[in-house]
There are 2 protein chains.
Amino acid sequence: MTQTQENRQFRLAQRPEGLPKPTDWDFVTEAVGQPGDDEILVGIEYISLDPAMRGWMNAGRSYIKPVKIGEVMRAGTAGTVLKSNHPDFAEGDSVTGNFGVQTHAVVAGKDARKVDTALAPLPAYLGVLGMPGMTAYFGLLDVGGAKADDTVMVSAAPGAVGALVGQIAKQKGCRVVGIAGGAEKCSYVVDELGFDAAIDYKNESVYKGMKQHCPGGIDVFFDNVGGEILDSALANLAFKGRVVICGAISQYNATDGMYAPKNYMSLLVNRARMEGFVVFDYADRYAEGAQAMAGWIAEGKLKHKEDIVAGFENFPDTLLKLFSGSNFGKLVLKVDAD
Amino acid sequence: MTQTQENRQFRLAQRPEGLPKPTDWDFVTEAVGQPGDDEILVGIEYISLDPAMRGWMNAGRSYIKPVKIGEVMRAGTAGTVLKSNHPDFAEGDSVTGNFGVQTHAVVAGKDARKVDTALAPLPAYLGVLGMPGMTAYFGLLDVGGAKADDTVMVSAAPGAVGALVGQIAKQKGCRVVGIAGGAEKCSYVVDELGFDAAIDYKNESVYKGMKQHCPGGIDVFFDNVGGEILDSALANLAFKGRVVICGAISQYNATDGMYAPKNYMSLLVNRARMEGFVVFDYADRYAEGAQAMAGWIAEGKLKHKEDIVAGFENFPDTLLKLFSGSNFGKLVLKVDAD
């Protein structure tokens, strides 16, 4: 736990073009704040690095307001209460919340959520029991309507969300095919996570792989990447197929416009639908999702992997691992350097 | 009624590239067939010309098998029973069915539907009480889920389907904006059909028109045209908006690939969905749709306009009116020349 009385922060210096550069960030040190009434001081220990963060750095309307220039970068975090002026929290409590890319945060008690580290280690609350877990659970089951015997296809299958989507689908009796980059990741999703098959987008035709592994078409395509992979999935939809738009990481750093899906008329041919969602809309049902996920973990039916990089100062470089595909599992920054 | 004993036909000679050319058709004359058991001979009087016909001429998988080279072109038709070997039909009955672009057809009784010309004239059974009517009714209400106070946007608003979509939406208490080409058609949809506003895509920016007329965004976009108009609508969706993919007439003759909607990530931002449908899936509910439409017609709440072109031989040229936008109302070919 970081006990220094300095609060280190990464603030957004300017809006990136393409991949975020070191000069897009300001590293700032300021005094640690003091909690007022109903506030708590949190020592942040783990910072969640998520593809959605790239979108939050852009100007313009989206599902959430952009991070302002000069503001601490938005991020999901987990840590320990250092001081509390709120009746629900005591010093030493483990908490999560969107406290930003900094080492300390003074926040309103209502914006923090207490978690039980006896049930799962703290980083798990940024992954399988946090936003990625809820994204996978509600996106697959609520938006995608996945049910037994469906063929479910997931892009970015070894990623924080994709790995859970596939495993939840298996719990529900679906046939699951994942898309991943490289032999190692493909073998991970099949051999360790229990997917039925994987397509290596770096070394084979995704379109042909879909044809081969989904001869009856794709009932649910859970898309994290966008681009040509989405287009191939549209071309391979089953009758009444559902495309869940969770993200489009292949396009977040595009500087000459988004790749547009040419095959959208497959929605008509197959009476299919494509639907977007944002996990925050399910906030009032997180308890339901977390309970289901925790139950599967306890039964040994849901594996989760965190890719933890140590050292707060490594934030800018570590974030880029998401876009190069070099992370393996839920990417988490550990504030302490060791 | 055509009483000649020759059956004139247009058969598909070759698959068109781009707009159908005269050489894509074979004009064939053969002897009128005789009905066998449970069959009827129909003298076809009206032939429905629909945008979907362009798709049926292409090779390759779609929602319905393509018309084969050498086959009579598929089309919805209405006419009179000339001979009947089926207990449900008598000489003189008015019937509709997909009897093709020909002057006579021998068909199984089960493939014909008797209609009442005392309720509505025969061509109406190819429009407001036929496939376009059912397309508008189920597409708007079932797929689009339009409800009171929704802002509904319709492309190809003066067309056979669009005109009905807008009027049904008004019956349901929606605010309705149509997209049409030219001042005359825009004034038709507002002044005669009762739309709240119209955007003239030939003379103004569709994107800006949408912003102006739908300040709260589009709740339901019923799309008949595709292309840039669909893309503009995606960029103007309301929270939880629904895009109904009925057709994409602007793209049916494209020879260098479909226009792809760049703004599909608006589905995520707005938690919106885009869904395709095919009216034939609602066949078992046509009675419900036709009853509702007939009720509104009887109450004077639903106007319909047929654009009737006389003369069977004019089929190839008349079909092209759909793609140049020069038809005005439901396009119907009358078999007789006068």
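Residues numbered from 1 in each chain as written. Chains lettered and ligands numbered in written order. Predicted model: local features only at pLDDT ≥ 70, side-chain atom pairs only at ≥ 80, totals over all residues. Heavy atoms only, no water.

Draft legend 1. Structural context of the packing of aromatic side chains. All names here are of chain B. Within this structure, the stated rule accounts for 24 aromatic pairs over all chains. With a centroid separation of 5.3 Å and an interplanar angle of 40°, the aromatic rings of phenylalanine 10 and phenylalanine 312 are classed as tilted. Of this pair, phenylalanine 10 sits in strand 1 (residues 6-12) while phenylalanine 312 sits in the loop between strand 14 (306-310) and helix 9 (315-324), placing them 302 residues apart in sequence. The same class applies to phenylalanine 10 and to phenylalanine 312, which are both buried. (Phe/Tyr/Trp six-rings, centres within 6.5 Å; stacked < 30°, edge-to-face > 60°. Helix = DSSP H or I, 4+ residues; strand = E, 2+ residues; numbered from the N terminus. Buried < 20%, exposed > 50% of the residue type's maximum accessible area, 1.4 Å probe, protein only.)

Draft legend 2. Inspection of the domain arrangement of chain A at higher detail. Residues and elements named next belong to chain A. Segmenting chain A into domains produces domain 1 (6-127 + 305-334) and domain 2 (131-280). Placing the centre of domain 1 and that of domain 2 at their C-alpha centroids yields a distance of 28 Å. Each partner contributes to the interface: domain 1 provides 21 residues, whereas domain 2 provides 14 residues. Summing the contributions of domain 1 and of domain 2, the shared interface buries around 1,500 Å²; its carbon and sulfur component is 65%. Broken down residue by residue, the surface that domain 1 buries against domain 2 is led by Tyr63, Gly127 and Phe328, which jointly contribute 30%. At the surface where domain 1 touches domain 2, the tally comes to 0 salt bridges. Counting every contact that joins domain 1 to domain 2 gives 3 residue pairs in polar contact (both at pLDDT 80 or more). (Domains from an automatic or database assignment. Contact = heavy atoms within 4.5 Å. Buried area = accessible area lost by both parts, 1.4 Å probe. Salt bridge = Lys/Arg side-chain N within 4 Å of Asp/Glu carboxyl O. Polar contact = N/O pair within 3.5 Å; in protein donor to acceptor, adjacent residues only side chain to side chain.)

Draft legend 3. Main features of the pairing of strand 5 (residues 94-97) of chain B. All names here are of chain B. Of the two faces of strand 5, the one carrying Ser94 and Thr96 and the one carrying Val95 and Gly97 are both buried. Alignment of strand 4 (residues 77-84) against strand 5, held across 4 bridges, turns out to be antiparallel. What sits directly across from threonine 80, in strand 5, is serine 94. (Pairing = 2+ DSSP bridges.)

Draft legend 4. Structural detail: the pattern of salt bridges. Applying the stated rule across the entire model yields 32 salt bridges over all chains. Lysine 170 of chain B is paired through a salt bridge with aspartate 196 of chain B; the nearest N and O atoms lie 2.9 Å apart. Taken together, the positions of lysine 170 of chain B in helix 3 (residues 162-171) and aspartate 196 of chain B in the loop between helix 4 (183-192) and strand 10 (197-200) put the pair 26 residues apart, joining distant regions of the chain. Under the relative-accessibility criterion, lysine 170 of chain B is labelled partly exposed at 29%. Aspartate 196 of chain B gets classed as partly exposed once you look at its relative accessible area, which sits at 35%. Between lysine 321 of chain B and aspartate 307 of chain B there is a salt bridge, with its nearest N and O atoms 3.5 Å apart. Of this pair, lysine 321 of chain B sits in helix 9 while aspartate 307 of chain B sits in strand 14, placing them 14 residues apart in sequence. With a relative accessible area of 14%, aspartate 307 of chain B lands in the buried category. Through salt bridges with shared partners, a single ionic network connects Asp142, Arg285 and Glu288 of chain A.

Draft legend 5. Spotlight on the sheet that holds strand 9 (residues 175-180) of chain A. Ordered by their spatial adjacency, 12 strands build an open sheet running 10(A)-9(A)-8(A)-11(A)-12(A)-13(A)-13(B)-12(B)-11(B)-8(B)-9(B)-10(B), and the pairing between neighbours is mixed. Two strands lie at the open edges of the sheet, namely strand 10 (197-200) of chain A together with strand 10 of chain B, each paired on one side alone. Neighbour to neighbour, the strand axes of the sheet diverge by 15° on average, direction disregarded. As paired strands, strand 8 (residues 151-154) of chain B and strand 11 (residues 218-223) of chain B are joined by 3 bridges and run parallel to one another. Across the sheet, residue valine 154 of chain B finds its bridge partner in strand 11 of chain B, namely phenylalanine 222 of chain B. (Axes fitted to C-alpha atoms, helices over the stretch in contact; angles between N-to-C directions.)

Draft legend 6. Spatial organisation of the nonpolar core. Ranked by internal contacts, the top residues of the largest apolar core, which has 117 residues, are Met274 and Phe315 of chain A together with Met210, Phe221, Met274 and Phe315 of chain B. Not counting the four nearest positions on each side in its chain, phenylalanine 221 of chain B is found in contact with Met153, Ser155, Ile179, Met210, Ile229, Leu230, Ala233, Arg242, Val243 and Val244 of chain B. (Core = buried A, V, L, I, M, F, W, Y, C linked by side-chain atoms within 4.5 Å.)

Draft legend 7. Representation of the side chain of arginine 242 of chain A. All names here are of chain A. With respect to the element layout, arginine 242 can be found in strand 12 (residues 237-245). The class of arginine 242 is buried, set by a relative accessible area of 10%. Leaving out residues up to four positions away in the same chain, arginine 242 has contacts with Gly144, Gly145, Ala146, Lys147, Asp150, Asp219, Val220, Phe221 and Arg273.

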